[in-house]
Amino acid sequence: MREPDSITLDDVVAARKRIEGAVPRSPLIRMEGAGASDLYLKLENLQPIRSFKLRGADSAMALLSPGELAAGVYTASAGNMAQGLAWAARRRGTRCTVVVPDNAPQTKLDGIRRLGADTIALPYDEWWNILATHRYPPLEPARFVHPVSDLAVMAGNGTIGLEILEDLPDVDSVLVPFGGGGLSCGIAAAIRGLKPEVKVYGCEVETAAPLAAAIAAGRVVECTRTPTFVDGIGARTMLVEMWPPARRLLAGSLVVSLEEVVAAIRMLVERAAVVGEGAAGAAVAAGLKGSGDVGRVVCVVSGGNIEPAVLSSILAGGVP
């Protein structure tokens, strides 16, 4: 099995062919009222599951044999990859099970079940161990689809990068939420393969910024993690296998505060009629404060699965 750091532009192009006709192309719009910034939004929140994750999930499932499909699939996810895999499995009539952390948002759990998947809740550390070991024996022989470091998943995610370059050829930098690195490194593999001068940054929240910590230390280390409503990003550490591609492909980590994320989510609604979840807010917040390079900047609005009560609090001026 190939390592994540072996991902190339060719992998992304092949993934695009696999998901063609199944995964819609998402729009790229200019964000008005962003001050001096020339800011654009890549609206993955408008995908059928309101998240980019179906790109990678469908890309990976398209490679499975009939026998593997018959045995079923499973993943470990806080919600969006779970919905992506459930969506791709339902499309093929395949059974899907999702192992979720026991603090997963109800909105995302409801979405998983609507798509026909079963769920198993585990304490966070046990859930994280599945990501680290790539296994949960009680569900075998079902096929495990890793939400981050599976090469086909990363390549499917990378199709976002191809679309950005087609819609905005003179883009200068792309800001991507950094959870495990599968989205940012997939996009960077596509963009750097075609236009190496374009910088791709991972965006994190200061309550848990493992990429920034790894960059500072020159290796994967643990960082302080404070759980917040920003559930799609912010682990205690990076997956070891994701450090080489992140170090090679990403221009750096842009870290924002929780208050800046909240302000960005509010601005998305008020000025662009866009609902973004916490992870998406991190990328937009970095763009609004000018953390990336000057010029044309694209922020990837990775998803829109946010708890209604959380969004209501944000729109009322609070910090959930």
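Look above for the structure.
Residues numbered from 1 in each chain as written. Predicted model: local features only at pLDDT ≥ 70, side-chain atom pairs only at ≥ 80, totals over all residues. Heavy atoms only, no water.

Trainee: Help me get a handle on the overall build of the protein chain, residues and values and all.
Mentor: Counting secondary structure elements, the protein chain contains 13 helices and ten strands. The C-alpha radius of gyration of the protein chain comes to 18 Å, within 12% of the 20 Å expected for a compact globule of 320 residues. If one aligns the C-alpha atoms of the protein chain with their principal axes, the spans along those axes are about 55 × 40 × 40 Å. Burial analysis of the protein chain (320 residues in total) assigns 59% to the buried set. Sequence-distant contacts in the protein chain: of pairs separated by 6 or more residues, those separated by 24 or more amount to 72%. Of the roughly 12100 Å² of accessible surface on the protein chain, a fraction of 53% belongs to carbon and sulfur atoms. (Helix = DSSP H or I, 4+ residues; strand = E, 2+ residues; numbered from the N terminus. Rg over C-alpha atoms; globule rule 2.2 N^0.38 Å. Buried < 20%, exposed > 50% of the residue type's maximum accessible area, 1.4 Å probe, protein only. Contact = heavy atoms within 4.5 Å. Areas by Shrake-Rupley, 256 points an atom, 1.4 Å probe, with all protein chains shown as cover.)

Trainee: Hey, could you go over the sheet that holds strand β9 (residues 252-256) for me, with residue numbers and the actual values?
Mentor: Taking strand neighbours across the sheet as the criterion, the six strands line up as β1-β2-β10-β7-β8-β9 in an open arrangement whose pairing is mixed. Edge positions in the sheet fall to β1 (28-30) and β9, since each has one partner strand and no second. Neighbouring strand axes in the sheet, compared pairwise and without regard to direction, differ in orientation by 30 degrees on average. Alignment of strand β8 (residues 199-205) against β9, held across five bridges, turns out to be parallel. Opposite Val205, over in β9, you have Val256 as the bridge partner. (Pairing = 2+ DSSP bridges. Axes fitted to C-alpha atoms, helices over the stretch in contact; angles between N-to-C directions.)

Trainee: Requested: an account of the nonpolar core, with residues and values cited.
Mentor: Judged by nonpolar contacts, the single largest core of 50 residues is most densely connected at Val171, Val174, Ile187, Met238, Leu250 and Val298. Of all the secondary structure elements, the ones that give two or more residues to this core are β3 (73-76), α6 (124-133), α7 (151-167), β7 (173-177), α8 (182-194), α9 (210-217), α10 (243-249) and β10 (296-301). Beyond its immediate stretch of four places on either side in the chain, Ile187 contacts Asn157, Gly158, Ile160, Gly161, Val174, Val176 and Val300. (Core = buried A, V, L, I, M, F, W, Y, C linked by side-chain atoms within 4.5 Å.)

Trainee: Describe the pairing of strand β4 (residues 96-101), with residues and values.
Mentor: Among the six residues in β4, six count as buried, and that is most of the element. Burial along β4 is two-sided: the residues Cys96, Val98 and Val100 and Thr97, Val99 and Pro101 are all buried. Sheet topology places β3 next to β4; four bridges connect them, and they run parallel. Across the sheet, residue Thr75 finds its bridge partner in β4, namely Val98. A crossover connection joins β3 to the parallel β4 through helix α4 (residues 80-92); in handedness this β-α-β unit is right-handed. Sheet analysis places β4 next to strand β5 (residues 118-122), joined by five bridges and oriented parallel. Bridging across to β5, Thr97 finds its partner in Asp118. (Right-handed = clockwise from strand over helix to strand, strands pointing away.)

Trainee: Please set out the packing of aromatic side chains residue by residue, giving values where relevant.
Mentor: Each pair of aromatic rings is reported with the distance of its centres and the angle of its planes. Under the counting rule described, the total for this entry stands at two aromatic pairs. Relative to Phe144, the ring of Tyr74 lies with its centre 5.1 Å away and its plane at 45 degrees, an arrangement referred to as tilted. Here Tyr74, found in strand β3, pairs with Phe144, found in strand β6 (residues 143-144); they are 70 residues apart in sequence, far enough to count as distant. You can call Phe144 buried: its relative accessible area is 11%. Measuring from centroid to centroid gives 5.5 Å for Tyr124 and Trp127, while their planes differ by 45 degrees, and the two rings are tilted. (Phe/Tyr/Trp six-rings, centres within 6.5 Å; stacked < 30°, edge-to-face > 60°.)

Trainee: Lay out the sheet that holds β3 in plain terms, naming residues and giving numbers.
Mentor: Across the sheet, which stays open at both edges, the four strands sit in the order β5-β4-β3-β6 with parallel pairing between neighbours. Since the sheet does not close on itself, it has two edges, and those belong to β5 and β6, each with one partner. Its contacts with the sheet place α4 against β3 and β4, and it is angled at close to 170 degrees to β3.

Trainee: Describe the pairing of β8, listing the residues and the values that go with them.
Mentor: Burial runs high along β8: six of the seven residues are buried. Examined bridge by bridge, β7 and β8 share five bridges and lie parallel to one another. Within the sheet, the bridge partner assigned to Val176 lies in β8 and is Gly202. After leaving β7, the chain enters α8 and then returns to the sheet as β8, a path that is right-handed.

Trainee: Summarise helix α5 (residues 106-114); cite the residues concerned and give the values.
Mentor: Looking at α5, one finds that the buried residues are Thr107, Lys108, Leu109, Gly111 and Ile112. Contacts made by the buried residues of α5 are with α4, β4, β5 and α13 (308-315). Trailing α5 by a residue or two, Gly116 shows a phi angle of about 90 degrees, which is positive.

Trainee: Please set out the environment of Val256 residue by residue, giving values where relevant.
Mentor: Among the structural elements, Val256 can be located in strand β9. Separated by 224 residues in the primary sequence, Val256 and Glu32 have C-alpha atoms spaced 21 Å apart.

Trainee: Break down the pattern of salt bridges for me, with residues and values.
Mentor: Taken as a whole and judged by the stated rule, the model has 21 salt bridges. Lys42 is the salt-bridge partner of Glu163, the closest N and O atoms lying 2.6 Å from each other. Of the two residues, Glu163 is situated in helix α7 and Lys42 in strand β2 (residues 38-43); the sequence distance between them amounts to 121 residues. Comparing Glu163 with Lys42 shows no difference in burial state: the two are buried. (Salt bridge = Lys/Arg side-chain N within 4 Å of Asp/Glu carboxyl O.)

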